[in-house]
Amino acid sequence: RPPVTTNPLVATPADTPPSAWAGVWIAEDIELIGQGIREGSWIDGTLGVVGAGLDGLAFVSDAVGSLLQYGIAWIIEHVRPLTEALDWLAGDPAQRPRSRRRSHGGCAGCWPACGT
């Protein structure tokens, strides 16, 4: 039997750098609104508007706390050792959707066998 070099159920790391606004949630919401408009996706646009509204409300209710929170989140997203430590602790969020797709795709024939 040949040695297994890659596991199809394990997601490969995503090497995309974070955007300049990563960690500043209200800016990410505005980007999501723009993406929804460009792609004609009412779901992305709606989620962006709701997120921006809630983030705006949080900013108005506690401006200093929100700015501190944005600053810390931005530093964690852009300082490599902090990002790696957080990914080690909580998992890489860029890999989660891919691994979920792979696990559902790899188990397509299992559902009748498990009785659900």
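Values in this document were obtained by computation on a predicted structure and should not be read as measured data. (Residues numbered from 1 in each chain as written. Predicted model: local features only at pLDDT ≥ 70, side-chain atom pairs only at ≥ 80, totals over all residues. Heavy atoms only, no water.)

Undergrad: Hey, could you run me through the environment of Trp-25 in this one?
TA: One can find Trp-25 in helix α1 (residues 25-39). Sequence separation of Trp-25 and Gly-56 is 31 residues, and the distance between their C-alpha atoms is 9.8 Å. (Helix = DSSP H or I, 4+ residues; strand = E, 2+ residues; numbered from the N terminus.)

Undergrad: Help me understand the packing of helix α3 (residues 63-78) against helix α4 (residues 80-90), please; the structure alone is not making it clear to me.
TA: Between two packed helices, the angle of one axis relative to the other and the distance separating the axes together describe the packing. The N-to-C vectors of α3 and α4 enclose an angle of 90°; their axes lie 5 Å apart at closest approach. On the basis of the axis angle, α3 is roughly perpendicular to α4. Contacts from Ile-75, Ile-76, Glu-77 and His-78 in α3 reach Arg-80, Leu-82, Thr-83 and Leu-86 in α4. (Axes fitted to C-alpha atoms, helices over the stretch in contact; angles between N-to-C directions. Parallel < 35°, antiparallel > 145°, perpendicular 65-115°, else oblique. Contact = heavy atoms within 4.5 Å.)

Undergrad: Please clarify how the packing of aromatic side chains should be interpreted in this entry.
TA: In this description, an aromatic ring pair is defined by two values, namely the gap between the centres and the angle between the planes. As enumerated under the stated definition, the model contains one aromatic pair in all. Pairing Trp-25 with Tyr-70 gives two aromatic rings, centres 5.8 Å apart and planes at 70°, and the pair type is edge-to-face. A residue pair is termed long-range when its members are at least 10 positions apart, and Trp-25 in helix α1 and Tyr-70 in helix α3 qualify at 45 residues. Residue Trp-25 is classed as partly exposed on the basis of its relative accessible area of 32%. By relative accessible area, Tyr-70 is classed as buried at 10%. (Phe/Tyr/Trp six-rings, centres within 6.5 Å; stacked < 30°, edge-to-face > 60°. Buried < 20%, exposed > 50% of the residue type's maximum accessible area, 1.4 Å probe, protein only.)

Undergrad: It is not clear to me how the confidence of the model for the protein chain should be interpreted in this structure. Could you clarify?
TA: Close inspection of predicted coordinates is inappropriate in any region flagged by low pLDDT. Looking at the protein chain as a whole, the pLDDT averages 78, with 66% of positions reaching at least 70. Ignoring residues within four places in sequence, the model shows residues 99-103, a span with pLDDT below 50, making six contacts including any to other chains. (pLDDT = per-residue confidence, 0-100.)

Undergrad: Please explain the side chain of Asp-29 as it appears in this structure.
TA: Mapped onto the fold, Asp-29 is located in helix α1. Buried charge without a partner: Asp-29 forms no salt bridge, and the closest opposite charge is Arg-38, 13 Å away. One polar contact links the side chain of Asp-29 to the main-chain amide nitrogen of Ala-52, over a distance of 3.2 Å. (Lys, Arg positive; Asp, Glu negative; His and termini not counted. Salt bridge = Lys/Arg side-chain N within 4 Å of Asp/Glu carboxyl O. Polar contact = N/O pair within 3.5 Å; in protein donor to acceptor, adjacent residues only side chain to side chain.)

Undergrad: Any chance you could explain the environment of Gly-36 here in plain terms?
TA: Within the element layout of this structure, Gly-36 appears in helix α1. Using a relative accessible area of 4% as the deciding quantity, one classes Gly-36 as buried. Setting aside residues up to four positions removed in sequence, Gly-36 forms contacts with Ser-41, Asp-44 and Gly-45.

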